[in-house]
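# Observations on chain architecture
What follows is the residue order along each chain.
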Amino acid sequence: QVQLVESGGGLVQPGGSLRLSCAASGFTVSNYAMTWYRQAPGKERELVAGITSAGGRTNYADSVKGRFTISRDNAKNTVYLQMNSLKPEDTAMYYCNAVSTVVAGVSSYENNYWGQGTQVTVSS
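Keep in mind that this is a model prediction, so the values were computed, not measured. Numbering of residues starts from 1 in each chain and follows the order in which that chain's sequence is written. Two thresholds apply to this predicted model, a pLDDT of at least 70 for residue-level local features and 80 or more for giving and counting side-chain atom pairs, whereas whole-chain, interface and lining totals are computed over all residues. Excluded from the side-chain calculation are hydrogens and water; included are all heavy atoms of the structure.

## Comments concerning the environment of Tyr-95
In this fold, Tyr-95 is placed in strand E9 (residues 92–104). For Tyr-95 and Val-48, which are 47 residues apart along the polypeptide, the C-alpha to C-alpha distance reads 9.5 Å. Any two residues whose heavy atoms approach within 4.5 Å at even a single point are treated as in contact. Dropping the residues within four chain positions of it, Tyr-95 is found in contact with Glu-6, Thr-35, Trp-36, Tyr-37, Gln-39, Arg-45, Trp-114, Gly-115, Gln-116 and Gly-117. Secondary structure elements are defined from DSSP: runs of H or I of at least 4 residues count as helices, runs of E of at least 2 residues count as strands, and each element is numbered from the N terminus.

The structure is reproduced here in structure tokens:
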């Protein structure tokens, strides 16, 4: 059974840190492009950080560059998001996403999985 389970969210003061975890089961994260998204109330879901399957290249939203770091532990089949220097505007539900494209002959299809989310609240 394919599953993504996020954890590590909570309430933190501005300037604080949190580390989110995304534990995968039923598939191998190193074979997938893994991405963290977030959605604040009344706003659209936005990409926060991603890591590719091959090579492990990372990319970040401009708003989190230099503060957030995405990483992957293949042995634990888990992806992390280290968040430092948190700001109130980082408050949102954070979601983990896994995508892979499978080529089968002349056709292809996409596997796309989402976790249930973990809430991050930055407030004094």
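## Section: the packing of aromatic side chains
Here a pair means two rings of Phe, Tyr or Trp (six-membered ring of Trp) with centres within 6.5 Å. Their orientation is stacked below 30 degrees between planes, edge-to-face above 60, and tilted elsewhere. Scanning all chains against the criterion turns up four aromatic pairs. Seen from their ring centres, Phe-27 and Tyr-32 are 4.6 Å apart, and the 55° between their planes marks the pair as tilted. Here Phe-27 matches Tyr-32 in class, with each residue buried. With 5.2 Å between their ring centres and 45° between their planes, Phe-27 and Tyr-113 make a pair best called tilted. A residue pair is termed long-range when its members are at least 10 positions apart, and Phe-27 in the loop between strand E3 (18–25) and strand E4 (33–39) and Tyr-113 in strand E10 (residues 107–114) qualify at 86 residues. Three labels apply to residues, based on accessible area from a 1.4 Å probe with only protein chains included: buried if under 20% of the type maximum, exposed if over 50%, partly exposed otherwise in between. Classification of Tyr-113 as partly exposed rests on a relative accessible area of 21%. It is Arg-45 that lies over the ring of Trp-114; its NZ or CZ is 4.6 Å from the centre. Whether a charge lies above a ring is judged from NZ of Lys or CZ of Arg, which has to be within 6 Å of the ring centre and within 35 degrees of the ring normal.

## Examining the pattern of salt bridges
Two side chains carrying opposite charge are able to pair once their charged atoms lie near each other. By convention in these notes, a salt bridge is any Lys or Arg side-chain nitrogen within 4 Å of a carboxyl oxygen on Asp or Glu. Counted according to the given criterion, the structure contains four salt bridges. For Asp-62, the salt bridge is made with Lys-65, and the minimal N-O distance between the two is 3.2 Å. Like Asp-62, the residue Lys-65 is exposed in the burial classification. One salt bridge in this structure joins Arg-67 and Asp-90, with 2.8 Å as the shortest N-O distance.

## Topic: unusual backbone geometry
Phi is positive for Asn-77, close to 55°, though the residue is something other than glycine. Structurally, Asn-77 is set in the loop between strand E7 (68–73) and strand E8 (78–83). Positive phi is not limited to glycine here, since Ser-85 has a value of about 50°. Structurally, Ser-85 is set in the loop between E8 and E9.

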